[in-house]
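Chain residues, written in single-letter form:
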Amino acid sequence: MTSPGLTVPELLAAPFEVRLRGRAVRGCVWGEGPVVYLVHGWGGSLEQLVPLVAPLLDRGLQVVAFDGLSHGRSDAGVHGGSSSDAVELGRSLDAVAARFGPARAVVAHSMGALSSLLAIRDGWLAAERLVLLAQPSGIPDLLTVLRAELGLGERTTHRLVDRVRLRTGYGPDELDLVTISDGLPAAGRPELLVVHDLLDREVPHEASTRLVRSWPDAQLLSTAGLGHRRLLADAAVGGAVARFVDRLPVEASLHGEDRPQPLTPAAETEAANAVGHRRAGAA
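Note that the structure is a prediction, hence the values are computed from the model and not measured.

### Describing the packing of helix 3 (residues 86–100) against helix 4 (residues 112–122)
Item 1. Relative to each other, helix 3 and helix 4 sit at 55°, their axes nearing to 8 Å. Comparing their axes, helix 4 and helix 3 come out oblique. In this structure, the crossing between helix 3 and helix 4 has a hand that is right-handed. Between helix 3 and helix 4, the residues in contact are Ala 86, Val 87, Leu 89, Gly 90, Leu 93 and Asp 94 and Gly 112, Leu 114, Ser 115, Ser 116, Leu 118 and Ala 119, respectively.
Item 2. Of the residues assigned to the contact of helix 3 with helix 4, the class counts are seven nonpolar, four polar and one charged.

Right under this line is the structure:
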C-alpha cells in the first residue's frame, strides 16, 4: 500500500491470502476488534476503499479489504483475468469471511452491493450492519439499459439472459437488490445505511431510494457533487459510515419515502462549485 496521501494507520496493513476454488484472493487487514469488510465494485480494487479505513480504526474496529478474483492483486477468475461478475465477487467475499468470521458490518461500493447481498443471503457471511455506497438496482435494469443503447432484439436479449444464467447460476431477475433483500429472513436482516450522490452519472439515485423504501428502517444519506467514486474519499461520508457501523445515529438527508427530483443544470453547477471550494479550503 504505497499510494500517496495515506496516513500511518492506513499504512499498517497486514496482507493476507485465502483460496477460492484453487485461486488466490488477496487483501489487507487493519486493527483489531469487530470485523468490517470493505467490498469494491465491478472493475474496482481495495485501494479505492482505503480512505474509509482510518475512520473505522478510530472506532476500535478491525477492517478487512480484498481484491475480488480478476481484480487488483488477486488471481484471475474462472473466466480469465479480464472477466468477472457480481456472483464471483460475492464468492470472493464469502471466502474472506470464512477466514475472519461474522461481520459487525459490510461496506460495499457499486456492484459490490449486489455481491454482498448474495453473500449474506446465499453464503456463509453474517452481518449486523450493511452500508451500500452508490449501489445499482441490479442486473435487470442494466440489461434494459444495454438493450436500449445497443438496440438488441428479442432473440439476442434471450441469448444474453441465457448466458447470464449459465455463467452465474442465477437468472437476471434474481440479481435484483430489492428481490434479494425481500428474501432475507427478518431475524437475520442487517441494519441498512445507503449513501448515494444526487449527481451520480453512472448509477441513478433512484436505485437507492427504491431499495430504502423496501427495507424496514433503512436510512438514506444523499450527497451532492461527489459523483459515483469521489464519495469514497469524502471525509464526511467516511465519518457517517464509521458512526453507523459503531451503532451511533447518522443524520440522514433523505428518508425512504422521499422522491428527490433531478437537479437542474444550475443546481448541478452550484453543487459542483461548492465541492470545489470545500476542497480548496482543505488544501
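Resuming the write-up.
### A short note on the pattern of salt bridges
Item 1. On inspection of all chains with the given rule, the structure shows 13 salt bridges.
Item 2. Here Asp 75 ties to Arg 26 by a salt bridge, and the two come within 2.9 Å at their closest N and O atoms. Here Arg 26 lies in strand 2 (residues 23–30) and Asp 75 lies in the loop between strand 4 (62–66) and helix 3, a separation of 49 residues in the sequence.
Item 3. Looking at Asp 75, the relative accessible area reads 24%, which means it is partly exposed.
Item 4. Note that Asp 246 is salt-bridged to Arg 59, the shortest N-O span being 3.6 Å. One end of the pair, Asp 246, is in the loop between helix 9 (235–245) and helix 10 (265–282); the other, Arg 59, is in the loop between helix 2 (53–57) and strand 4, with 187 residues separating them in the sequence.
Item 5. Overall, the relative accessible area of 24% leaves Asp 246 in the partly exposed class.
Item 6. With relative accessibility at 32%, the residue Arg 59 sits in the partly exposed group.
Item 7. Taken together, the shared-partner salt bridges connect Glu 17, Arg 19, Arg 26 and Asp 75 into one network.

### Some points on the side chain of Asp 85
Item 1. Along the polypeptide, Asp 85 turns up in the loop between strand 4 and helix 3.
Item 2. Taking relative accessible area as the criterion, Asp 85 reaches 12% and is therefore assigned buried.
Item 3. Among the polar contacts made by the side chain of Asp 85, one reaches the main-chain amide nitrogen of Val 87 at a distance of 3.0 Å.

### Let's talk about the sheet that holds strand 4
Item 1. As summarised here, the arrangement of the eight strands in space is 1-2-4-3-5-6-7-8, forming an open sheet in which the pairing is mixed. Two strands in the sheet have a free side with no partner beyond their single neighbour: strand 1 (14–20) and strand 8 (219–223). Neighbour-to-neighbour, the strand axes of the sheet open up by a mean angle of 20°, direction not taken into account.
Item 2. Across five bridges, the pairing between strand 6 (residues 127–133) and strand 7 (residues 191–197) is parallel. Within strand 7, the position partnered with Arg 129 by the bridge is Glu 191.
Item 3. Packed onto the sheet, helix 8 (residues 206–214) meets strand 6, strand 7 and strand 8 and runs at close to 165° relative to strand 7.

### A few points about the environment of Ala 98
Item 1. Turning to its location among the elements, Ala 98 is positioned in helix 3.
Item 2. By relative accessible area, Ala 98 is classed as exposed at 64%.
Item 3. Once the C-alpha coordinates of Ala 98 and Trp 124 are considered, the two residues, 26 residues apart in sequence, prove to be 7.2 Å apart.

### A look at the environment of Thr 144
Item 1. Mapped onto the secondary structure, Thr 144 falls in helix 5 (residues 139–150).
Item 2. Between the C-alpha atom of Thr 144 and that of Thr 157, which follows or precedes it by 13 residues, the distance is 9.4 Å.

### Some thoughts on unusual backbone geometry
Item 1. In this structure, Arg 21 is a non-glycine residue whose phi angle is positive, near 55°.
Item 2. Assignment of secondary structure puts Arg 21 in the loop between strand 1 and strand 2.
Item 3. With phi around 55°, Ser 110 is a residue other than glycine that occupies positive phi space.
Item 4. With respect to the helices, strands and loops of the structure, Ser 110 is situated in the loop between strand 5 (103–109) and helix 4.
Item 5. According to the relative accessible area criterion, Ser 110 is buried, its value standing at 12%.

### Section: the packing of aromatic side chains
Item 1. Enumeration according to the criterion identifies one aromatic pair in this entry.
Item 2. For the ring pair Phe 16 and Phe 100, a centre distance of 4.8 Å and an interplane angle of 70° mean the geometry is edge-to-face. Of this pair, Phe 16 sits in strand 1 while Phe 100 sits in helix 3; the two residues are 84 residues apart in sequence, bridging distant segments of the chain.
Item 3. Residue classification places Phe 16 among the buried residues on the basis of a relative accessible area of 6%.
Item 4. Across from the ring centre of Phe 244, 4.6 Å away, lies the NZ or CZ of Arg 129, which sits over that ring.
Item 5. Lying across the ring of Trp 215, Arg 189 places its NZ or CZ 4.9 Å from the centre.

Parameters at a glance
- Along each chain, the written sequence defines residue order, and numbers are assigned to residues from 1.
- Since the coordinates come from a predicted model, pLDDT governs what is reported: local features require at least 70, and pairs of side-chain atoms require 80 or more to be given and counted, while whole-chain, interface and lining totals use all residues.
- With hydrogens and water excluded, all non-hydrogen atoms of the structure serve as input to the side-chain values.
- Helix axes are fitted only over the stretch in contact, all axes being lines through C-alpha atoms; the angle between N-to-C directions runs from 0 to 180 degrees.
- A run of H or I in DSSP becomes a helix once it reaches four residues, and a run of E becomes a strand once it reaches two; helices and strands are each numbered from the N terminus.
- Note that the term roughly parallel is reserved for angles under 35 degrees, roughly antiparallel for angles over 145, roughly perpendicular for angles of 65 to 115, and oblique for everything else.
- Crossing handedness follows the turn of the near helix against the far one: under a right angle anticlockwise gives a left-handed crossing, and clockwise gives a right-handed one.
- Contacts are assigned to residue pairs with any non-hydrogen atoms lying within 4.5 Å of each other.
- Residues were grouped as follows: Ala, Val, Leu, Ile, Met, Phe, Trp, Tyr, Cys and Pro as nonpolar; Asp, Glu, Lys and Arg as charged; and all remaining residues, including Gly, as polar.
- Salt-bridge detection follows one rule: a side-chain nitrogen of Lys or Arg within 4 Å of a carboxyl oxygen of Asp or Glu.
- Only protein chains enter the accessibility calculation, which uses a 1.4 Å probe; a residue whose area is less than 20% of its type maximum is buried, one above 50% is exposed, and one in between is partly exposed.
- Distance and chemistry together define a polar contact, namely a pair of N or O atoms within 3.5 Å, with one atom able to donate a hydrogen and the other to accept it when in protein, and with adjacent residues in sequence counting only for side-chain atoms on both sides.
- In short, DSSP must find at least two bridges between two strands for them to pair.
- The rule is short: rings of Phe, Tyr and Trp, with Trp giving its six-membered ring, pair when the centres are within 6.5 Å, and they are stacked under 30 degrees, edge-to-face over 60, tilted in between.
- For a Lys NZ or an Arg CZ to count as sitting over a ring, it must be within 6 Å of the ring centre and within 35 degrees of the ring normal.

Any functional reading would require information beyond the geometric quantities listed.
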